[in-house]
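Structural overview for review
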Amino acid sequence: MPLGLPDAITACLFDLDGVLTSTAVLHRRAWRRTFDDFLVPRGQEPFTELDYVRFVDGRPRYDGVREFLASRGVTLPEGAPDDPPDADTVHGVGNRKNELLEEVIRQEGVAPYPGTVRYLEAAAALGLDIGVVTSSANARRVLDAADLSRFARSLVDGVVISRDGLRGKPAPDSFLVGARELGVAPEHAAVFEDALAGVRAGRAGGFGYVVGVDRAGQRDALLEHGADVVVDDVAELL
């Protein structure tokens, strides 16, 4: 197949941030500011890039808050989804991050990766089904802003994950729902992911091919977590 995939693959499931769009960089900045504002006044070390990769990247927002704060020995009450962003709760901290992210998106906009757009166009031309699977609750707005909604036949995002009580990545639940929405068995779908948690989810779900997209210099780690192939840009598969 000219898409660099096994012949048995009939559908592609793409993560959003870092695979389709460059918004992963914006997420990292929003997380860093959120956690630094929380940690530094409490005498803790600032949030690091390694913290992002290990505890936050690819996970649903509130899972990321719990995982990272637990790594620093901090436990907060859960709170409620409508907690204000200054509340010292899991939901409050997560809502602060989302507020900051939306501010950055308004100021800077959203750009898709040109190589990924070329790949989406080639996949659509060959009749492959395309879905987007992401932990982001802002996915629909980001896809619209990047003019990528036209490619996605299905979308499983943070809103769906929360609504349906799905386990977030690295559990495979969201990818399995994405495949089901496209009417394809996992073994006939390829997963495209830049996050270690997402690659683990694709492997755990028994998907036919897992493509690791290395945007952060973690090629070896992507392979170790289950990627069949790792590329710097999705267009390399064309």
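Our subject is the structure listed above.
Below or above, wherever it landed, is the structure these notes cover.

What counts, and at which threshold
- Residues numbered from 1 in each chain as written.
- Predicted model: local features only at pLDDT ≥ 70, side-chain atom pairs only at ≥ 80, totals over all residues.
- Heavy atoms only, no water.
- 1 Å grid on protein atoms, 1.4 Å probe; cavity = no way out; pocket = protein on both sides within 12 Å on 5 of 7 lines; lining within 4 Å.
- Points joined across faces, edges and corners; volume = space filled by probe spheres on them.
- Helix = DSSP H or I, 4+ residues; strand = E, 2+ residues; numbered from the N terminus.
- Nonpolar A, V, L, I, M, F, W, Y, C, P; charged D, E, K, R; others polar.
- Buried < 20%, exposed > 50% of the residue type's maximum accessible area, 1.4 Å probe, protein only.
- Pairing = 2+ DSSP bridges.
- Right-handed = clockwise from strand over helix to strand, strands pointing away.
- Salt bridge = Lys/Arg side-chain N within 4 Å of Asp/Glu carboxyl O.
- Axes fitted to C-alpha atoms, helices over the stretch in contact; angles between N-to-C directions.
- Contact = heavy atoms within 4.5 Å.
- Polar contact = N/O pair within 3.5 Å; in protein donor to acceptor, adjacent residues only side chain to side chain.
- Phe/Tyr/Trp six-rings, centres within 6.5 Å; stacked < 30°, edge-to-face > 60°.

**A closer look at empty space enclosed by the protein**
Across all of its chains, the model carries two cavities of 30 Å³ or more by this definition. In this model, the largest cavity occupies a volume close to 50 Å³. Forming the boundary of the largest cavity are Arg 28, Glu 49, Tyr 52, Val 53, Asp 57, Asp 194, Arg 215, Ala 216 and Gln 218. The element that contributes the greatest number of residues to the lining of the largest cavity is helix H2 (residues 49-56), accounting for three residues. The residue makeup of the lining of the largest cavity, split by class, is three nonpolar, one polar and five charged.

**Description of the pairing of strand E5 (residues 209-213)**
The element E5 is extensively covered by neighbouring structure, given that five of its five residues are classed as buried. Burial of E5 is two-sided: the residues Tyr 209, Val 211 and Val 213 facing one way and the residues Val 210 and Gly 212 facing the other way are all buried. Note: strand E4 (residues 189-193) against E5, four bridges, orientation parallel. Bridge assignment links Val 191 to a residue of E5, and that residue is Val 210. Chirality of the crossover, the property in question, places the unit of E4, helix H9 (residues 196-204) and E5 among those that are right-handed. Sheet analysis places E5 next to strand E6 (residues 229-231), joined by three bridges and oriented parallel. Opposite Val 211, over in E6, you have Val 229 as the bridge partner. Regarding topology, helix H10 (residues 219-224) serves as the crossover connection from E5 to the parallel E6, and that connection is right-handed.

**Describing the pattern of salt bridges**
On inspection of all chains with the given rule, the structure shows 17 salt bridges. Measuring nitrogen to oxygen at the nearest pair gives 2.7 Å for the salt bridge that ties Arg 66 to Asp 63. One end of the pair is Arg 66 and the other is Asp 63, both in helix H3 (residues 61-71) and three residues apart, which spans about a single turn. Across the pair Arg 96 and Glu 99 runs a salt bridge, and its minimum N-O distance is 2.9 Å. Within this pair, Arg 96 and its partner Glu 99 are both found in helix H4 (residues 90-108), separated by three residues, close to a single helical turn. For Glu 99, a relative accessible area of 36% translates into the label partly exposed. Bridged by salt links that share partners, the residues Asp 15, Lys 169 and Glu 193 form one connected network.

**Some points on the sheet that holds strand E1 (residues 11-14)**
A sheet is described by the order of its strands in space; here six strands give the open sequence E3-E2-E1-E4-E5-E6, paired in parallel fashion. Every other strand in the sheet has two partners, leaving strand E3 (154-156) and E6 as the edge strands with one partner each. Going from strand to strand, the sheet's axes swing by 20 degrees on average, the running direction of each strand aside. With respect to the sheet, helix H5 (residues 114-125) is in contact with E1, strand E2 (129-133) and E4, its orientation differing from that of E2 by roughly 140 degrees. Where H9 meets the sheet, its contacts fall on E4 and E5, and the angle it forms with E5 comes to roughly 175 degrees.

**Thoughts on the side chain of Asn 98**
Relative to the assigned elements, Asn 98 resides in helix H4. Its relative accessible area of 13% is what places Asn 98 among the buried residues. Side-chain polar atoms of Asn 98 contact the side chain of Arg 61, separated by 3.3 Å. A distance of 2.8 Å separates a polar atom in the side chain of Asn 98 from a polar atom in the side chain of Asn 138. Leave out the neighbours within four places in its chain, and Asn 98 touches Arg 61 and Asn 138.

**Thoughts on the packing of aromatic side chains**
What the rule picks out here adds up to nine aromatic pairs. Considering the side-chain rings of Phe 55 and Phe 68, the 6.4 Å spacing of their centres and the 55 degrees angle between planes classify their relative orientation as tilted. Taken together, the positions of Phe 55 in helix H2 and Phe 68 in helix H3 put the pair 13 residues apart, joining distant regions of the chain. Relative accessible area serves as the criterion here: at 13%, Phe 55 is assigned to the buried category.

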